[in-house]
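One letter stands for each residue in the lines below.
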Amino acid sequence: MYKLWLLTKPGETLVAIFILQVALGLLIHGLLLTTTDLNWWEDGRPIPFPEAAAYERSQAGLPY
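Only a predicted model underlies this, so the values are computations on that prediction, with no experimental measurement involved.

S.K.: I'd like to hear about the overall build of the protein, residue by residue, with values.
M.R.: For the protein, the count of helices and strands is 3 helices and 0 strands. Traced from its N-terminal end to its C-terminal end, the protein shows the element sequence α-α-α. Taking all 64 residues of the protein together, the buried fraction comes to 5%. For the protein, the accessible surface area stands at approximately 6100 Å², while carbon and sulfur atoms represent 71% of it.

Pasting the structure below:
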């Protein structure tokens, strides 16, 4: 494994990995915010009780 590090500069590689991880995290969060079910900004706080959540979804016309 150390020979792989000899091909690249470790500092630059770790910075590139960090930037890739941050970009991937932002992309995933952005995709989740575009969905209706997983958007946590527009639906307010999650309902802690399953029955209340099922009732809210049925009132909104959602399938489950």
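S.K.: Describe the confidence of the model for the protein, naming the residues involved and giving the relevant values.
M.R.: Confidence in the prediction of the protein, expressed as mean pLDDT, is 83, and 89% of residues score 70 or more. By mean pLDDT, helix α3 (residues 50-60) is the weakest element of the protein at 79, and helix α2 (residues 10-34) is the strongest at 94.

S.K.: I'd like to hear about the environment of L62, residue by residue, with values.
M.R.: Mapped onto the secondary structure, L62 falls in the segment after α3. Counting along the chain gives 25 residues from L62 to D37, while the straight-line C-alpha distance between them is 9.5 Å.

S.K.: Tell me what's going on with the side chain of N39, and back it up with residues and numbers.
M.R.: Relative to the elements of secondary structure, N39 occurs in the loop between α2 and α3. A distance of 3.1 Å separates a polar atom in the side chain of N39 from the backbone oxygen of L33. Setting aside anything within four residues of it in sequence, one finds N39 in contact with L32 and L33.

S.K.: Before we move on, can you summarise a nonpolar patch on the surface with the specific residues and values?
M.R.: The grouping of M1, L4, W5, L7, L14 and I17 at the surface amounts to a nonpolar patch, some 690 Å² of accessible area in total. For the nonpolar patch, the secondary-structure elements that each account for two or more residues are α1 (2-7) and α2. A per-element tally of the nonpolar patch places α1 first, with 3 residues. Mapped onto the elements of the fold, I17 is located in helix α2. Judged by relative accessible area, which is 42%, I17 ranks as partly exposed.

Reading guide: rules and limits
- Residues numbered from 1 in each chain as written.
- Predicted model: local features only at pLDDT ≥ 70, side-chain atom pairs only at ≥ 80, totals over all residues.
- Heavy atoms only, no water.
- Helix = DSSP H or I, 4+ residues; strand = E, 2+ residues; numbered from the N terminus.
- Buried < 20%, exposed > 50% of the residue type's maximum accessible area, 1.4 Å probe, protein only.
- Areas by Shrake-Rupley, 256 points an atom, 1.4 Å probe, with all protein chains shown as cover.
- pLDDT = per-residue confidence, 0-100.
- Polar contact = N/O pair within 3.5 Å; in protein donor to acceptor, adjacent residues only side chain to side chain.
- Contact = heavy atoms within 4.5 Å.
- Patch = residues over 30% accessible without salt bridge, like charges linked within 9 Å, V, L, I, M, F, W, Y side chains within 5 Å.
- Salt bridge = Lys/Arg side-chain N within 4 Å of Asp/Glu carboxyl O.

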